[in-house]
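Chain residues, written in single-letter form:
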Amino acid sequence: MNKKVTAVLTLMLSMILGSILPGQARSALKDHSIQHSIERQTVRDKFINFESLINSLGIIEGMTILDIGASAGYASFLFAEKLHGTGEVFATEVRDVLVDHVAGEARQRGLTNLTSVLVKVDGLDDFYSQHRYDIVLLSNVYHCLDNRIQYFSKLREFLKPNARLVIVMYNQDHLFSEDSLSDIEAWVSNIVATYSTDTGSNPFFEELSTATRQLISAGDRGNSLRLALLEDFNRMLKNPLFYKHFYTNSYFRENFFTPPERNLANWLIMMLQEDGVFEKPADQIDARTMRTVIRLNRLFFTGQFYKSVKNWREFIPPSDANRHTSKYVMFRELDAAGYKVASETSLSTYYDAIIMVPKAP
Ligand SMILES: C[S@@+](CC[C@H](N)C(=O)[O-])C[C@H]1O[C@@H](n2cnc3c(N)ncnc32)[C@H](O)[C@@H]1O
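Here we summarise the structure given alongside this text. Keep in mind that what you see is a predicted model, and the values were worked out from it rather than measured.

Right, let's talk about the overall build of the protein for a bit. For the protein, the helix and strand inventory stands at 16 helices and 7 strands. Looking at the 361 residues of the protein, the share that counts as buried comes to 47%. Of the contacts formed within the protein by residues at least 6 apart in sequence, a portion of 74% connects residues at least 24 apart. When the accessible area of the protein is evaluated, it comes to approximately 18,000 Å², of which 53% is carbon and sulfur surface.

Structural data, given as structure tokens:
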């Protein structure tokens with residue numbers, strides 16, 4: 001069934017159920033949505049570790065903290081506890097069930113300094129202008145917002161001097177791990193299938209080591225092949241010139257990417273060119289720039305392999321892979337909105353925390 005038809009049918013079904021279900025069954029649906037949000041935050045916490053992130057922020061009593069898109073309130077509760085009953089924490093959400101849930105939990109936990117607030121989806125809600133903030137957290141929320149330059153320019157007016165914007169986002173530029181190649185059969189059949197198409201020799205195949213090729217030809221599909229591929233793929237990711245295979249070949253350029261991916265690739269290439277990365281020996285590239293190289297090269301892996309590898313969604317959260325809102329887009333937009341980067345920390349293989357501060361007026 002086509003996606004649009006499925007979406008319309010789902011919407012109609014939920015409207016019908018909403019109008020005919022008895023109260024108890026309706027609240028079961030509502031609970032499911034909250035349960036899902038709570039579980040999602042717990043899973044996310046494994047990779048973000050909200051507690052140590054919040055501990056690193058130097059929270060002091062009396063601060064005013066804003067958690068935009070707080071969902072089930074995971075970070076907001078921690079902030080409120082850290083303030084020991086002083087200051088104020090505002091947890092904002094656009095979904096009323098979550099707002100009710102956070103308010104109820106705050107009451108139960110005796111967190112009198114935590115206020116749960118319903119805000120509008122589009123643009124910066126008027127609520128934000130009522131306070132002045134020391135810390136604003138946006139954890140996995142940046143990609144949900146529209147007209148971001150306008151949104152953050154306006155928000156800047158409500159920040160206290162020395163305020164920080166803490167943005168947690170999926171970093172999209174890590175190296176592969178063994179888990180990434182757990183579906184080894186799919187990866188190999190993909191490589192072999194790609195190799196035997198009539199599109200000319202494939203750069204991925206050309207870059208495989210002799211040892212890897214021998215393992216593939218010998219029919220090895222076990223751990224030796226996984227480790228050999230891992231080494232090859234990570235070498236490709238860190239090679240600043242790897243992207244050229246694809247960019248100088250119009251077949252790859254046109255077929256591997258969706259338009260947003262192509263825009264991101266162009267933007268990353270431009271930034272790396274400005275830094276003179278393509279002329280430098282790889283060992284002279286600093287760690288931060290190398291992550292941009294990795295991000296650029298990962299786009300080719302996404303285009304080439306992920307979309308056809310059975311369980312690729314297990315290691316790339318689909319929302320992040322699909323939305324293409326990357327840190328680089330965020331840097332550019334927040335620069336335009338009047339902020340600069342104060343620090344960047346890797347929270348785990350998958351997540352970064354970026355602290356932005358207002359630029360001097
Ligand atoms: C992916 S979740 C992240 C939740 C939580 N911050 C975390 O890291 O687990 C994004 C949340 O932002 C909320 N959201 C979307 N647009 C928003 C907006 N304009 N203002 C406030 N919250 C918003 C969504 O309802 C959703 O609960």
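What follows continues from the structure just given.
To continue, consider the nonpolar core. With 71 residues, the main nonpolar core has Y128, F152, L165, F233 and L334 as its most contacted residues. A per-element tally of this core places helix α14 (residues 287-304) first, with 7 residues. Each of two domains, domain 1 (44-172 + 328-358) and domain 2 (178-324), supplies a minimum of three residues to this core. Leaving out residues up to four positions away in the same chain, F152 has contacts with L138, Y142, L145, L165, L334, A337 and Y339. With 30 residues, the next largest nonpolar core counts I59, F79, I135 and A353 among its residues.

Further remarks concern the site of the ligand. By nearness alone, 19 residues border the ligand, and Q41, R44, G69, E93 and S139 come closest of all. Between the ligand and V121, the relevant distance is 3.2 Å, taken from a nitrogen atom to a main-chain nitrogen or oxygen of the residue. Take S139: an N or O atom from its side chain is 2.6 Å from an oxygen atom of the ligand. Considering the ligand on its own, with 600 Å² of exposed area, one finds that the protein chains cover 92% of that surface. For the shell around the ligand, the element with the highest residue contribution is helix α2 (residues 23-48), accounting for 3 residues. Residue composition of the shell around the ligand, by class: 9 nonpolar, 5 polar and 5 charged.

It is worth spelling out the sheet that holds strand β6 (residues 339-346) at this point. Spatial strand order, β3-β2-β1-β4-β5-β7-β6: 7 strands in an open sheet with mixed pairing. Single-partner strands in this sheet number two, and they are β3 (114-118) and β6. Sheet twist, expressed as the mean angle between neighbouring strand axes with direction ignored, is 20°. Summarising the sheet, strand β5 (residues 159-170) and strand β7 (residues 351-358) pair through 6 bridges and their orientation is antiparallel. Bridging from a neighbouring strand, V168 pairs with A353 of β7. In the packing of helix α5 (residues 96-109) onto the sheet, the strands contacted are β2 (88-93) and β3, and the crossing angle to β3 comes to about 165°. Its contacts with the sheet put helix α16 (residues 327-336) on β5, β6 and β7, and the angle it makes with β7 is roughly 5°.

Scanning the entire structure with this criterion turns up 13 aromatic pairs. On the numbers, 4.5 Å between centres and 15° between planes, the contact of F246 with F300 is stacked. Here the residue F246 occupies a position in helix α11 (residues 242-247), and F300 occupies one in helix α14, the gap between them amounting to 54 residues. For the pair formed by F246 and F300, the shared burial category is buried. Looking at R109, its charged tip hangs above the ring of F77, at a distance of 4.0 Å from the centre. Positioned over the ring face of F176 is R298, at 4.9 Å from the centre of the ring.

Reading the values: the criteria
- Residues numbered from 1 in each chain as written.
- Predicted model: local features only at pLDDT ≥ 70, side-chain atom pairs only at ≥ 80, totals over all residues.
- Heavy atoms only, no water.
- Helix = DSSP H or I, 4+ residues; strand = E, 2+ residues; numbered from the N terminus.
- Buried < 20%, exposed > 50% of the residue type's maximum accessible area, 1.4 Å probe, protein only.
- Contact = heavy atoms within 4.5 Å.
- Areas by Shrake-Rupley, 256 points an atom, 1.4 Å probe, with all protein chains shown as cover.
- Core = buried A, V, L, I, M, F, W, Y, C linked by side-chain atoms within 4.5 Å.
- Domains from an automatic or database assignment.
- Near = heavy atom within 4 Å.
- Polar contact = N/O pair within 3.5 Å; in protein donor to acceptor, adjacent residues only side chain to side chain.
- Nonpolar A, V, L, I, M, F, W, Y, C, P; charged D, E, K, R; others polar.
- Pairing = 2+ DSSP bridges.
- Axes fitted to C-alpha atoms, helices over the stretch in contact; angles between N-to-C directions.
- Phe/Tyr/Trp six-rings, centres within 6.5 Å; stacked < 30°, edge-to-face > 60°.
- Lys NZ or Arg CZ within 6 Å of the ring centre and 35° of its normal.

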